[in-house]
Amino acid sequence: MATSTPAVRLRNVYKAFIGQGRTARPLLALEDVSFAARPGEFVGLVGPSGCGKSTCLNLLAGLTAPSAGSVEHHGAQVAGVNTKVGYITQDDNLLPWRSLLANVELGLEFRGVPREEWRRRALEFIELVGLGGFEGHYPHELSGGMRKRASIIRTLVYDTDVVLMDEPFGPLDAQTRVILQAELQKLWERDRPTVLFVTHDLVEAIALSDRIFVFTSRPGTIKREYRVDLPRPRDVFRIHETTGFDDLYDALWSDIRAEIQRARQGELQAVEGSR
Amino acid sequence: MGIETGARVTALETPLALGPEAASGSARVLADELARRDRAVREQRRFLLIARVGVLVAIIVGWDLASGRLIRTFFVSSPGAVARQLADWIASGQLLYHGQFTLTATVLGYVVGSVAAILLAWPLGLMPRLFRITEPYFLVAYSIPAVAMGPIFILWFGLGLTPKILLAAYFVFFIVFVNTVVGFQQVPRGLLDVTRVMGASRSDLLRAVILPSAVPYVLAALRSTLPAAMIGAVVGEFIASNRGLGYLANAAASEYATEGVIAAVFVMALIVLAMTVLLRPLSGALRWQRGIDARGDIV
């Protein structure tokens, strides 16, 4: 395993942003970030808000380029939009003018999959997440949980080996969240893609991940790496009862709490310095 | 007997098993609620119709009473005189004759203006840099009072139908143009990002994301610019013409025939109203939009 090429890898990546306006100063979002994910690994990325977790996904999707360092997908540099990965955002980003079925078929259509296959594969995934019977519905006619399911299978249906997920369950209510976590785990175990999963929810990160990277506050870099050795398949509904869960949760939380405090002290100093 | 620690959670038994009676009771409640809703909608509609007719009657009666008593007939004429004037024009064929020119100029101007606006907005909406370059010139053109273009079009194209069509088109053009450009530019960033990572080519993006996203904006503009086309056509007729409803109104005014002016204006309003009703299906054309923005229709 250790010798095989990682599915994705960031090497000494820096990313600076400059806001709008003439007086805007460059802001360092990522500082010397290096990590790799093995093929088939489920990796959780956690950290305080604004620490650059989502930026890492955008770099891997090729939607933005690093200011320095290298971003690799199976050893090859990512240059320009990376269509070899799947990308699932916090907003469901379904096309409102397409029915559920047509939305799920979208990627197959763009990727030149033969037309006869679209329907079969789309329907298979729609059934898999229990959306059968809603194929003809438009996104605004579906509930938040149904739209989220649709946006996930829309990406999984075209079978990429790497899937980037940016707080996909963020806007959902607590119950729907756990149900969808279970469904995601089931879907992931089917084809075992590499998943990079950004979340603020530590329970969610533990329930789903093989490894978790904790980010520092801005400028973000990897503070620590945790291995989640809980046996699979996991019961996400009772994950907090699993042996070892508490220790891991406490460790993650104290890391993040320290980062949040550090960020707040930095802000206070900045405010005092400006006085 | 040890002391129990920790909270105990006990689920309460459902007090009554939900038997068939309960089910039929629920069905009745649902049916009743539906019937109540339908009744309320029907009553609402009837009330609206009666109220609207009432307003019309009040205006006509008030007008009739005020005319000659509160305000001199010379200024406001009277409902009867306007009705007689309309009947005269219909009988003599004048209404049909003049109406057709105004109608032609309005409809052709509407079509020419909208098509030109969409064709020009298309590339500009897709190429932000081109849009940034040309933007100030469009702003200048937009800030010219559209009426001022009348004499220019007449200088260029004479007294016939052409300057009226162009003026109507000019009135329509900017509204449709601006809406179409905005329609192309407002495509949510997230949708574009996600579809690009999915592997959409440029033409895929245009076909599957950008065009459908712009359609509601274009339709909204098309629905709201008909009155503007009519204004353009009539302004053209006011400036220089010997036919059309604008000419008819102008001619009546020069003879101090108030009922003629009012009758001509009334017909213009009727034409716009009729065309607006004809274009109404445009707003309901998109099923995916229904429920997203249910806007109340006036007509």
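Keep in mind that this is a model prediction, so the values were computed, not measured.

How each quantity is defined
In this convention, every chain numbers its residues from 1, walking through the sequence in written order. Chains carry letters and ligands carry numbers; both start at the beginning, A for chains and 1 for ligands, and go up in the order they are written. Reporting in this predicted model follows two pLDDT cut-offs: at least 70 for local features of residues, and 80 or more for side-chain atom pairs to be given and counted; totals over whole chains, interfaces and linings ignore these cut-offs and use all residues. Under the scheme used here, helices are H or I runs from DSSP no shorter than 4 residues and strands are E runs no shorter than 2 residues, and both carry numbers assigned from the N terminus. With C-beta atoms placed from the backbone, a residue is buried if 20 or more other C-beta atoms are within 10 Å of its own, exposed if 12 or fewer are, and partly exposed between those counts. Working definition of a contact: two residues with C-beta atoms, positioned from the backbone, lying within 7 Å. All domain edges in this entry derive from an automatic or database-based domain assignment. Each residue receives one of three labels: charged for Asp, Glu, Lys and Arg, nonpolar for Ala, Val, Leu, Ile, Met, Phe, Trp, Tyr, Cys and Pro, and polar for the others, Gly being one of them. Being paired, for any two strands, means DSSP has found at least two bridges between them. Whenever a helix is involved, its axis is fitted only over the stretch in contact; in every case the axis is a line through C-alpha atoms, and angles between N-to-C directions fall within 0 to 180 degrees. pLDDT: the predictor's confidence for each residue, scored from 0 to 100. With the far helix as reference, a near helix turned anticlockwise by less than a right angle produces a left-handed crossing, and one turned clockwise produces a right-handed crossing.

A. Representation of the overall build of chain A in the model. Summing up its helical and strand segments, chain A has 7 helices and 10 strands in all. For chain A, the spread of C-alpha atoms along the principal axes amounts to about 65 × 50 × 45 Å. Burial analysis of chain A (275 residues in total) assigns 42% to the buried set. Counting contacts in chain A only where the partners sit at least 6 residues apart, residues at least 24 apart contribute 72% of the total.

B. Quick peek at the domain arrangement of chain A. All names here are of chain A. By domain assignment, chain A separates into domain 1 (8–84 + 160–274) and domain 2 (91–159). Each of domain 1 and domain 2 was reduced to a C-alpha centroid, and the two centroids are 26 Å apart. If you look at the interface, domain 1 gives 12 residues, while domain 2 gives 11 residues. A per-element tally of the side of domain 1 that touches domain 2 places helix α5 (residues 174–191) first, with 6 residues. Looking at the side of domain 1 that touches domain 2 residue by residue, the classes come out as 8 nonpolar, 2 polar and 2 charged.

C. Seen up close, the sheet that holds strand β9 (residues 211–215) of chain A. Residue and element names in this part refer to chain A. Read across the open sheet, the 6 strands follow the order β6-β7-β8-β3-β9-β10; overall the sheet is mixed. Looking along the sheet, the strands with just one partner apiece sit at the ends: β6 (85–88) and β10 (222–227). Strand-to-strand twist of the sheet, defined as the mean angle between neighbouring strand axes without regard to direction, takes the value 15°. Pairing analysis gives 5 bridges linking β9 to β10, with the strands arranged antiparallel. Each bridged residue has a counterpart across the sheet, and for Phe-215 the counterpart in β10 is Ile-222. Each of β6 and β7 (162–166) is contacted by helix α4 (residues 144–156), which is oriented at about 170° to β6, the strand it contacts most.

D. Fine view of the pairing of strand β3 (residues 42–46) of chain A. Residue and element names in this part refer to chain A. Of all the 5 residues making up β3, 5 are buried; the element is thus mostly covered by neighbouring parts of the structure. Alternating positions in β3 separate into two faces, Phe-42, Gly-44 and Val-46 on one and Val-43 and Leu-45 on the other, with burial throughout. Pairing between β3 and strand β8 (residues 194–198): 4 bridges, direction parallel. The partner of Val-43 across the bridge, within β8, is Leu-196. Where β3 and β9 come together, 4 bridges link them in parallel fashion.

E. Fine view of the domain arrangement of chain B. Once the domains are mapped, chain B shows domain 1 (28–66) and domain 2 (78–284). On a C-alpha basis, the centres of domain 1 of chain B and domain 2 of chain B stand 33 Å from each other.

F. Quick peek at unusual backbone geometry. Residues and elements named next belong to chain A. In this structure, the amide linkage connecting Arg-218 to the following residue, Pro-219, adopts the cis form with an omega of -5°. Tracing the chain through its elements places Pro-219 in the loop between β9 and β10. For the peptide bond that leads from Arg-232 to Pro-233, omega is -5°, which places it in the cis range. For His-74, which is not glycine, the phi dihedral falls at a positive 50°. If you trace the backbone, His-74 turns up in the loop between β4 (68–73) and β5 (76–77). Positive phi values are uncommon outside glycine, yet Asp-159 reaches one of about 60°. Relative to the assigned elements, Asp-159 resides in the loop between α4 and β7.

G. Molecular detail of the confidence of the model for chain B. Averaged over chain B, the pLDDT score is 87; the fraction of residues at 70 or greater is 88%. Confidence metrics for the complex model read pTM 0.80 and ipTM 0.87.

H. Up close: the packing of helix α10 (residues 226–239) of chain B against helix α12 (residues 258–279) of chain B. Residue and element names in this part refer to chain B. With their axes 9 Å apart at the nearest point, α10 and α12 run at an angle of 150° to one another. Our pair here, α10 against α12, has a crossing hand that is right-handed. Side by side, α10 and α12 meet where Leu-226, Pro-227, Met-230 and Val-234 of the first sit next to Met-268, Ile-271, Val-272, Met-275, Thr-276 and Leu-279 of the second. Across the contact of α10 with α12, the residue classes break down as 9 nonpolar, 1 polar and no charged.

I. Quick peek at the sheet that holds strand β2 (residues 26–37) of chain A. All names here are of chain A. Taken in spatial order, the 4 strands line up as β2-β1-β4-β5 in an open sheet, and their pairing is antiparallel. With one partner strand each, in any of the chains shown, β2 and β5 form the two edges of the open sheet. Sheet topology places strand β1 (residues 8–18) next to β4; 5 bridges connect them, and they run antiparallel. Looking at the pairing, Leu-10 lines up with Val-71 of β4.

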